[in-house]
Amino acid sequence: MLGRAAWDERELLAGIEDVPAGSISYHTRSYFLRSRYLAAPYPNDFATWAAIQVRDRVLGERLAVVDLFDFADVEQLRGELVGIIDHHLTTLQTVPRVDYGEPFHFMRSTLIEVPTGIVARNLREFRDALERVDTSAIYFHFYEAGRRSAADPLAWLETEVGLADVAARLRRLNPYVTSLAGMRAQLLTACDAVMGGSAQ
Amino acid sequence: MTRDGQIRLDDYRAVVPTATLDLLRRLAERIRGRSLVHVNSTRVGGGVAEMLHRYVPLFTELGIATRWEVISGAEEFFRVTKSFHNALQGQEQAFTNAMFQSYLETNKENAGRLNLDADVVLVHDPQPAALIAHARPASDGKRRGRWVWRCHIDVSRPQRRAWTFLRQFVTQYNGAIFSLPKFAQRLPVPQYLIYPSIDPLSEKNRDLTPDEVAAVLQRLSVPQDKPILLQVSRFDRFKDPLGVINAYRLVKKHDDCRLVLAGGSADDDPEGAQVLAEVMDAGSHDPDIHVLVLPPTAHHEINALQRAAAIIVQKSTREGFGLTVAEGMWKGKPVIGGFAGGITVQIIWGVTGYTVNSVEGCAFRIRYLLHNPDVATQMGRNARESVREQFLITRDLAEHLALMVTLLR
């Protein structure tokens, strides 16, 4: 926790501009890790706070539609969020603030890598492992992989197993609009469809 | 479970996925052989002691040499720390220099007596917080081990003088843990968020058979002939038991039901005794209102009441974390809670229950759920799964292990 809070949208904007990159990641990407079972209205904390606590649904919707997986790094994402809030505020006479709800508390997280001890050597073993690993492993390999190439199972499928077409198919799955459990289900369905009659 | 009734990690396989326990063990491997000492102010009574009785053997089983030290002090010391506790939770309290001195001297005496030599020293709540000022340095002059202050109370609006006094010690730690983001303070040390948790295998939360539930309700003279609304909490104004009675009365105009208000004895709390008297009076003319004053050890009874209830209410206007909400949710019940403290974190509005802001809102949601049993059943299922993911001791253990890994890197 950073001990910093925003009571209105201008303070939110200032916070997003100032906080460490790890805080932007916490409130966007790691939302999925924190909300495994049931989702808040939007898959990023800034959007949910604007919509629910400030009751500014327009800003909530504008922030929610930003697909964080479209951005190569956190700084680009930060720039996009700042631009949206800044533009939104220029269209208003007064700065929307929390009257009855809770302020926004800035947080940040540290990701700790823990080997599961589960090893896959082919697509079938990969599919079986997907089914039984903790959902945090799904998060690590499919939501963080873009930033950690060594953790990218699709690169492994492509280069080590020689299944470039399967990797391409799985890469088209968009994590932003589903939960970790939903992502797992989609991955399993895609693997099953590929294996069909020919187990790899 | 071992022969002496000690819960083992494998016992949790019945309630959490195997992968969760595997993750705990893998995480613990990173710090196997390291040592941890918990320090608090009592070995019996209260949520922290209850939690430590579970934690210590589980941490030990995970390969971490874990001890539990308890500070001791004269009656005056505990009077002072009670004042600290109240002031940090926002109540106006008067402090004298003699009170501060008593606190400091007792901490100094304990620092000389207790064995605080460990890789991680986890100090719980304000009573032992000043131990760090007297931590014995190693031969190189540096303090051995990483010290973390664990704050279990609501410090969102502390009385300034008390917090300023305590802050001088908190800033000497390597980090502080709070239970909610809004409890975070401006501090020059890292602040960590760890939600409290419930133990699904404890007497308060373990599965009960319908016969066990019926036996308890019979013993407590609570008939199961109509839907039961239940609030479990101390008789405290912040828990708003009179508001719950008023909500029940609004419901009762249309729908037949019973209200059970169950809480602990208020003998040592003059204001609590006053609230209890008002609640007794308010409920005295209605045979469907049951006010139960239970001893602090009545875990089995609370468990049975929660399982017998149709709807659990926790209509607090001010709350620390409010784990009775998670307890109710774990029993597969929809919970209607006040929009306060940790209740807002536990209840997902419209999915696991409802947060409400008034007596009327509470009454409306009770009526809605009584008239839509399918919705209530589904919410109860969602509630149990939500607790399984977020508010069980296994998640709590994992976060403490992750913190140790981070501190000892």
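Just so you know, these numbers come straight off a predicted model, no measurement behind them.

## Comments concerning the sheet that holds strand S10 (residues 311-314) of chain B
Residues and elements named next belong to chain B.
And step 1. Spatial ordering of the open sheet is given by S9-S8-S7-S10-S11-S12, a layout of 6 strands whose pairing is parallel. Strands at the two margins of the open sheet, each flanked by one partner only, are strand S9 (289-294) and strand S12 (353-356). Taken pair by pair, the neighbouring strands of this sheet meet at an average axis angle of 20 degrees, ignoring direction.
And step 2. For strand S7 (residues 228-232) and S10, the ladder comprises 2 bridges, and the chain directions are parallel. The residue bridging Leu229 from the neighbouring strand is Ile311, located in S10.
And step 3. On top of the sheet, helix H7 (residues 241-252) reaches S7, strand S8 (258-264), S9 and S10; it is set at about 170 degrees to S8, its chief contact.

## Structural notes on the nonpolar core
And step 1. B:Tyr103 and B:Trp149 are the most contacted members of the largest nonpolar core, which totals 119 residues.
And step 2. A total of 10 residues in this core trace back to one element, the largest contributor, which is helix H14 (residues 393-408) of chain B.
And step 3. Each of two domains, domain 1 (9-197 + 392-408) and domain 2 (210-390) of chain B, supplies a minimum of three residues to this core.
And step 4. With near-sequence residues (within four places) excluded, B:Trp149 lies in contact with B:Val123, B:Asp125, B:Pro126, B:Ala129, B:Trp163, B:Leu166, B:Val170, B:Tyr173, B:Gly175, B:Ala176, B:Ile177 and B:Phe178.
And step 5. Residues A:Ile85, A:Val98, A:Phe106 and A:Val166 belong to the second largest nonpolar core, which totals 54 residues.

## Thoughts on the packing of aromatic side chains
Residues and elements named next belong to chain B.
And step 1. Applying the stated criterion across every chain yields a total of 30 aromatic pairs over all chains.
And step 2. On the basis of an interplanar angle of 85 degrees and a centroid distance of 6.2 Å, the ring pair of Tyr354 and Tyr368 is categorised as edge-to-face. Pair noted here: Tyr354 is in strand S12 and Tyr368 is in helix H12 (residues 359-371), with a separation of 14 residues, a long-range link.
And step 3. Taken together, the aromatic side chains of Phe77, Phe78, Phe84, Phe95, Phe100, Tyr103, Phe165 and Phe169 make up a single cluster linked through ring pairs.
And step 4. Sitting over the ring of Trp68, Arg43 keeps its end group 4.8 Å from the ring centre.
And step 5. Directly above the ring of Tyr354 sits Arg365, whose terminal nitrogen or CZ lies 4.2 Å from the centroid.

## Let's talk about the interface of chain A and chain B
And step 1. The interface is formed by 22 residues belonging to chain A together with 30 residues belonging to chain B.
And step 2. A buried area of about 2000 Å², summed over both sides, lies between chain A and chain B, and 64% of it is on carbon and sulfur atoms.
And step 3. Linking chain A with chain B are 3 residue pairs in polar contact (both at pLDDT 80 or more).
And step 4. Considering only residue class, the side of chain A that touches chain B consists of 9 nonpolar, 7 polar and 6 charged.

## So, helix H5 (residues 160-170) of chain B
Residue and element names in this part refer to chain B.
And step 1. If you check which residues of H5 are buried, you get Ala162, Trp163, Phe165, Leu166, Phe169 and Val170. Buried residues along H5 cover an arc of 160 degrees about the axis, so they all sit on one side.
And step 2. Elements that come into contact with the buried residues of H5 comprise helix H3 (75-88), helix H4 (97-113), strand S4 (146-150) and strand S5 (175-178).

## A word on unusual backbone geometry
Residues and elements named next belong to chain B.
And step 1. Although it is not a glycine, Asp125 sits at a positive phi angle of roughly 70 degrees.
And step 2. Within the element layout of this structure, Asp125 appears in the loop between strand S3 (120-124) and S4.
And step 3. Positive phi is not limited to glycine here, since Asp240 has a value of about 50 degrees.
And step 4. The residue Asp240 is located in the loop between S7 and H7 in this model.
And step 5. For Asp240, a relative accessible area of 18% puts it in the buried group.

## What to know about the side chain of B:Ser35
And step 1. Note on placement: B:Ser35 falls in strand S1 (residues 35-40).
And step 2. Excluding anything up to four places from it in sequence, B:Ser35 contacts B:Ile64, B:Ala65, B:Ala118, B:Asp119, B:Val120, B:Arg144 and B:Met404.

## As for the domain arrangement of chain B
By a widespread convention, an interface's size corresponds to the accessible area lost as its parts come together.
Residue and element names in this part refer to chain B.
And step 1. Domain annotation of chain B identifies domain 1 (9-197 + 392-408) and domain 2 (210-390).
And step 2. Domain 1 and domain 2 are separated by 31 Å when their C-alpha centres are compared.
And step 3. Listed by partner, the interface residues are 15 residues for domain 1 and 14 residues for domain 2.
And step 4. Both sides together, the interface formed by domain 1 and domain 2 hides about 1200 Å², and carbon and sulfur atoms give 59% of it.
And step 5. Taken together, the connections running from domain 1 to domain 2 amount to 1 salt bridge.
And step 6. Between Asp154 and Arg318 there is a salt bridge; the shortest N-O distance is 3.8 Å.
And step 7. Among the residues making up the side of domain 1 that touches domain 2, the classes are represented as 6 nonpolar, 4 polar and 5 charged.

## Focus: H12(B)
The periodicity of an α-helix, 3.6 residues per turn, causes residues three or four positions apart to be oriented the same way.
Residues and elements named next belong to chain B.
And step 1. Here H12 spans 18 Å end to end across 13 residues, near enough to the 18 Å set by a 1.5 Å rise per residue.
And step 2. Along H12, the residues classified as buried are Val359, Cys362, Ala363, Arg365, Ile366 and Leu369. One side of H12 holds all its buried residues, which, seen down the axis, span an arc of 165 degrees.
And step 3. Residues of H12 that are buried sit in contact with S7, H7, S10, strand S11 (335-338), S12 and helix H13 (373-390).

## Things to note about the sheet that holds S3(B)
Residues and elements named next belong to chain B.
And step 1. Strand order in the open sheet made by the 6 strands is S2-S1-S3-S4-S5-S6, with parallel pairing throughout. Only two strands of the sheet have a single partner each, and these edge strands are strand S2 (65-70) and strand S6 (191-193). Averaged over all neighbouring strand pairs, the angle between strand axes comes to 20 degrees, with direction disregarded.
And step 2. In this sheet, S5 lies alongside S4 in parallel orientation, the contact comprising 3 bridges. Residue pairing in the sheet places Val148 in a bridge with Gly175 of S5.

## Topic: the confidence of the model for chain A
And step 1. Overall, the prediction assigns chain A a mean pLDDT of 88, with 93% of residues at 70 or greater.
And step 2. Here helix H3 (residues 31-34) of chain A is the element of chain A with the lowest mean pLDDT, 84, and helix H1 (residues 9-18) of chain A is the one with the highest, 98.

## Some thoughts on the pairing of S8(B)
Residues and elements named next belong to chain B.
And step 1. Most of S8 sits out of view: 6 of its 7 residues are buried.
And step 2. Crossover S7 to S8 through H7 is right-handed.
And step 3. As paired strands, S8 and S9 are joined by 6 bridges and run parallel to one another. Its bridge partner being in S9, Val260 is matched across the sheet by His290.

## Regarding empty space enclosed by the protein
And step 1. Applying the stated criterion to the full structure yields 2 cavities of 30 Å³ or more.
And step 2. Of the pockets and cavities examined, the largest cavity occupies roughly 50 Å³.
And step 3. Of all the secondary structure elements, the ones that give two or more residues to the lining of the largest cavity are helix H2 (21-27) and helix H6 (74-90) of chain A.
And step 4. Broken down by class, the residue content of the lining of the largest cavity amounts to 5 nonpolar, 2 polar and 2 charged.
And step 5. Taken as a whole, the second largest cavity spans an internal volume of roughly 40 Å³.
And step 6. B:Leu36, B:Val120, B:Leu122, B:His400, B:Leu403 and B:Met404 are the residues that line the second largest cavity.
And step 7. When residues of the lining of the second largest cavity are assigned to their parent elements, the largest contribution, 3 residues, is made by H14(B).

What counts, and where the lines are drawn
Residues numbered from 1 in each chain as written. Chains lettered and ligands numbered in written order. Predicted model: local features only at pLDDT ≥ 70, side-chain atom pairs only at ≥ 80, totals over all residues. Heavy atoms only, no water. Pairing = 2+ DSSP bridges. Helix = DSSP H or I, 4+ residues; strand = E, 2+ residues; numbered from the N terminus. Axes fitted to C-alpha atoms, helices over the stretch in contact; angles between N-to-C directions. Contact = heavy atoms within 4.5 Å. Core = buried A, V, L, I, M, F, W, Y, C linked by side-chain atoms within 4.5 Å. Buried < 20%, exposed > 50% of the residue type's maximum accessible area, 1.4 Å probe, protein only. Domains from an automatic or database assignment. Phe/Tyr/Trp six-rings, centres within 6.5 Å; stacked < 30°, edge-to-face > 60°. Lys NZ or Arg CZ within 6 Å of the ring centre and 35° of its normal. Buried area = accessible area lost by both parts, 1.4 Å probe. Polar contact = N/O pair within 3.5 Å; in protein donor to acceptor, adjacent residues only side chain to side chain. Nonpolar A, V, L, I, M, F, W, Y, C, P; charged D, E, K, R; others polar. Arc of directions from axis to C-beta. Salt bridge = Lys/Arg side-chain N within 4 Å of Asp/Glu carboxyl O. Expected span 1.5 Å × (residues − 1). pLDDT = per-residue confidence, 0-100. Right-handed = clockwise from strand over helix to strand, strands pointing away. 1 Å grid on protein atoms, 1.4 Å probe; cavity = no way out; pocket = protein on both sides within 12 Å on 5 of 7 lines; lining within 4 Å. Points joined across faces, edges and corners; volume = space filled by probe spheres on them.

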